Amino acid sequence: MSLLSVETLTLRIGAKEVLHGVSLGLDPGEILALTGESGSGKSMTAFSVMGLLPQGAVPAGAIRLDGTDLLRLSEREMCRFRGQAMGMVFQEPMTALNPVQRIGDQVAETLRVHGTPRAEAEARAAETLARVGLDPERIPPSRYPHELSGGQRQRVGIAMAVALRPRLLIADEPTTALDVTTQARILDLLKRLVREDGMGLLLITHDLAVVHGIADRLAVMQGGRIVETGPTAGVFAEMRHPYTRQLFAASAHRAELGPRVTHGPLLEARGVVRDYPLPRPHPFAKRDSHRAVKGVDLDIRRGERVGLVGESGCGKSTLTRALLGLEPPTAGTITLGGAPVRAGAKDRHLRRRMQAVFQDPYGSFDPRHSVGRLVAEPLHLADNIPDREARVSEVLEAVGLSPDDAAKSIHAFSGGQRQRIAIARALVTRPDLVVFDEAVSALDVRVRAGILDLIARLSREEGLAYLFISHDLSVVRGICDRVMVMKAGEIVEDRVAEDLFAAPEHPYTRELLAAAPVLPEREREAS
Amino acid sequence: MLTYALRRLVSLALSLAVASLVIFLVVEVAPGDPAAYMLGTGAQPDTIEALRSELGLDQPRLERYLSWAGGMLTGDFGTSYTYRAPVAQMVADRLWVSLPLALYALALSTLLAFPAGLYAAARRGRAGDVAVMGATQLGIAIPNFWFAMLLVLLFAINLGWFGAGGFPGWEQPLAAIKALTLPAVALALPQAAILARVLRSALIDILGEDFIRTARAKGLTRFEALWRHGLRNALIPVLTIVGLQFSFLLAGAIIIEQVFFLPGLGRLIFQAISQRDLIVVESVVMLLVFAVILVTFLTDLAYAWVDPRLRRRA
Amino acid sequence: MTFRLLPGAVLTAIVVLAALISYVWTPGDVASVDIAAKLQSPSAAHWLGTDQLGRDILSMIMVGARTSIAVALVAVGIGMGVGVPLGLAAAALRDTWLDDVIMRGNDLVFAFPSLVIAILITAIAGPGALNAIIAIGIFNIPVFARLTRGAALSLWSRDFILAARMAGKGAPRISAEHILPNIANLLIVQGTIQFSLGILAEAGLSYVGLGAQPPVPSWGRMLAEAQTLVSIAPHVALMPGLAIVLTVLGLNLLGDGLRDVLDPRLRAVRT
């Protein structure tokens, strides 16, 4: 008998049905990955199992855990199951822990809620924290969440979920918010816990490469239905459903860059340093500072496509802000086409020549303005564009939208369309350089592939140079001629993309490449 | 933690210094010649001159400020012109009525607000929540001094359970507490309504946080999650309001004292205003401002006790 | 969620109308003293009865509404007019010492409750309605400054502000074009709340004699004069109090209702 069996689960939220007869099974000691794009219903399936649905959600069908139908249990009975028979790990380690409670107490709570006496619960919480890799010498249970890194917090989250050795563990995008090297270690930890405890793991993830690296079986969800399921290797080999094939193709997508054509220097940075003041230890102390960027030299030539890769906290955002002239560097010089880039200076010609596209498609636009006004915002920098309306229409068409969209409100557009509008806004002044700051990180794979194609086309057709900043090596690989790797405020490797990926020189680059999950070989060749 | 407390202490001292300077400038510099102002229009020039030298007005202003502020620090508030008595002693006597009244009201308001706010948050959207919120909506609309008059009408005049006013002194502690009870209730109820609303909305915000979902995944019931994880986090905004409320209660106490004929700071300061006794006004105002700044300081310390993230940072 | 907006708007409209009508017509003459008709209970001739000098209480309340509304409105105007630009400036100058100076200054003003400011002014300049306006107005400044700064700071960290900076716009222009319009709803809601608090504060100040002086009628002083008569003629004390409660209730419901309609996520603060 399987450990977990979900039978024709449907879920209504208000008048809307979001799950339409989902069925899946999970055996003890097995890892089942549930994958699909956002809105496919994979998280809702997980929350249905835990009985933690939003108010007004009505599930129907059956969810059996060791034969007990969870949907027939009262709330009180469900509370006994949660934490004891099944545990859950969440996506955001930064917000999933109570900020005002010690981590040891938070893990011990799982035990105490289910009847373990205080002293024993504390001892077992300490053991569990050690078991998930938090060395009690370095990270004692008396720490608070804010004193831990993201990966360490996620370990605490896992410790809370497995403290009572549940039969079922559900992990909802457990590594999506983490850096690639941390992700690899957390996935290893999950694999080890499954092996040691013989529990079943239901892993929710949007990342097919992660699925390939960890899952025994795989279920692909689309629009509230499971469209394909089976052993991971089998599904990857056959891919019977077209949606599965689309997902694979988009995940492995490489944009068609065309040959590298560059002429003359464009952006030059020399010895860029950026310090941030730290809070004083006491009111009369001298203020210390943290050096986020430690003397970076960087060149981008006209028409060149350059990638900048690094993990969170490596200084790439700080460097980007300095390059864009949004914040002044503490030391060093930045020039664009020979003219100095100065933060705060109202040098309209310089601003016109360098534009940016940011990460959050929903935060990138003033919600009160029409698309036309949003796209035209930088136009006052450009004296050489007389007919503004015509220019707005032109760039909207260039990014695959219609000139009629200018009159619409931004609320009418999806995340992918919004990133196209952001690109239109960046292009409207005919800049020489566009900085893409994690511009595709918030998008689903198929939408992301479309945006990458658009960027590549613009570069081919208009000779646009860009700096593409990302934490994701596989994305950068498909869209850049040259890649820089940044670590701890320094650029440790800067080479032609092909060479860097084929034979990384710096140990850190090698570590990054080794940690990055990969799709199966066959697929990469096919796409 | 120590660093944080030290930093707050420096800020407390700075605030006091600036506030005292502002008060000094308003009271002793703005009216031109305070001595002439205090004595009124009919005063003889030699009487004014006598008062000037008594108040030290012939000294340079900076020196006067320093000696006034220095006196304050050592408990010397000067001498009242109208009462011919040390202001410090007069203020101390009155403070023994106003301060207990404000604290009594603060305790009542907190005791009422916490169960009400918790209950409303736990029953969000249901009949109990609607009833509590309706009551608080009315509570925040009632002026406390008018509410006090209604209490007098009902409990003192019609029912005769309490006296209509006056204060027997702390020699009779029970009678004193009884005399402060109606004023404290009048002060506390509107404040409790505000506090309950703040607590409810803070709790509801926190119920949407990820860590509440984590707690539920461990097997806590909805109410256990609210109680163990919600309340402490909700304390952060609630503390802000409690801190602010103390200053409102102290100011409110001064007004309420008029309804109940209590011999507190209120009566002292209104008499001083009508008699133009600037020395008393200056001292009482400084004391009130000191109380507010001190409570802000204590609130800051309480934040650090509630929120470990603050102990490290500035 | 109009179940709060509608009664709030109706109550507020009644009070404002009563104040406006009082300029051209009142049921009785508030200036004429008729000792023979003193302390009458509500009747057909005097709907809300008469006070200790025989004046019609309804007329007194109507004229008193003018004082309350004028004081509270001007005080909110002062608070917004000074506080909002200060808050916008502080947010635009975040990370600099100027932000610190502005916010420290705010904290300092916060240490002076309206009553204390009114006491100080009255002590050196004598009583009057202007004192109440200044005292409540000054107290409103840090309320709006803090609110504006907080809301503006969260906007400054959004990507669309970065985009505006990339478009070469400076902080003053971004504050005017992007920040202010996006926090306007919040300011309107908070303005309504401060207006209701202003009515309460004005009543308190005139009750203790720090606000409007005779012959200008005001609700707070009507209550002060009625206090000794509570046992003989409770209606004299009840009516002005009810007027205050209904006005404040109406404004609060209006504020909540506006928030529900404009944006339920708005975080106005009430202290």
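Residues numbered from 1 in each chain as written. Chains lettered and ligands numbered in written order. Predicted model: local features only at pLDDT ≥ 70, side-chain atom pairs only at ≥ 80, totals over all residues. Heavy atoms only, no water.

Student: What exactly am I supposed to notice about the overall build of chain A here?
Tutor: Looking only at helices and strands, chain A features 19 helices and 20 strands. A compact globule built from 527 residues would reach a C-alpha radius of gyration of about 24 Å, and chain A, at 25 Å, matches this within 12%. Put simply, chain A has 527 residues, and 54% of those count as buried. Long-range pairs, those at least 24 residues apart, make up 70% of the contacts in chain A with a sequence separation of at least 6. About 21,400 Å² of surface is accessible on chain A, with carbon and sulfur atoms providing 48% of the total. The positive charge centre, built from 67 side chains, and the negative charge centre, built from 67, are 3 Å apart in chain A. (Helix = DSSP H or I, 4+ residues; strand = E, 2+ residues; numbered from the N terminus. Rg over C-alpha atoms; globule rule 2.2 N^0.38 Å. Buried < 20%, exposed > 50% of the residue type's maximum accessible area, 1.4 Å probe, protein only. Contact = heavy atoms within 4.5 Å. Areas by Shrake-Rupley, 256 points an atom, 1.4 Å probe, with all protein chains shown as cover. Lys, Arg positive; Asp, Glu negative; His and termini not counted. Charge placed at Lys NZ, Arg CZ, Asp CG, Glu CD.)

Student: Just to check I follow, could you spell out the UniProt feature "domain: ABC transporter" (unreviewed entry) in chain A for this structure?
Tutor: According to UniProt, the positions carrying the feature "domain: ABC transporter" (unreviewed entry) are residues 4-248 and 273-513 of chain A. With 38% helix and 26% strand, residues 4-248 of chain A has end C-alpha atoms that lie 27 Å from one another. (UniProt positions renumbered as here; feature names shortened; annotations may be inferred.)

Student: What exactly am I supposed to notice about the UniProt feature "domain: ABC transmembrane type-1" (unreviewed entry) in chain C here?
Tutor: Mapped onto this numbering, the UniProt entry annotates "domain: ABC transmembrane type-1" (unreviewed entry) at residues 65-255 of chain C. Counted over residues 65-255 of chain C, helix gives 82% and strand 0%. Its end C-alpha atoms are 19 Å apart.

Student: Which parts of the structure should I look at to understand the side chain of Ser364(A)?
Tutor: Turning to its location among the elements, Ser364(A) is positioned in the loop between strand S16 (354-357) and helix H12 (371-376). At 2.8 Å, the side chain of Ser364(A) forms a polar contact with the backbone oxygen of Asp360(A). Discounting residues that sit within four places of it in the chain, Ser364(A) has contacts with Phe358(A), Arg425(A), Asp159(C), Phe160(C) and Ala163(C). (Polar contact = N/O pair within 3.5 Å; in protein donor to acceptor, adjacent residues only side chain to side chain.)

Student: It is not clear to me how the packing of helix H5 (residues 87-122) of chain B against helix H10 (residues 222-260) of chain B should be interpreted in this structure. Could you clarify?
Tutor: All names here are of chain B. Direction vectors running N to C along H5 and H10 enclose 145 degrees, while the axes themselves pass 8 Å from each other. Where H5 crosses over H10, the handedness of that crossing is right-handed. Tallied by class, residues from the contact of H5 with H10 come to 20 nonpolar, three polar and one charged. (Axes fitted to C-alpha atoms, helices over the stretch in contact; angles between N-to-C directions. Left-handed = near helix turned anticlockwise from the far one by under 90°. Nonpolar A, V, L, I, M, F, W, Y, C, P; charged D, E, K, R; others polar.)

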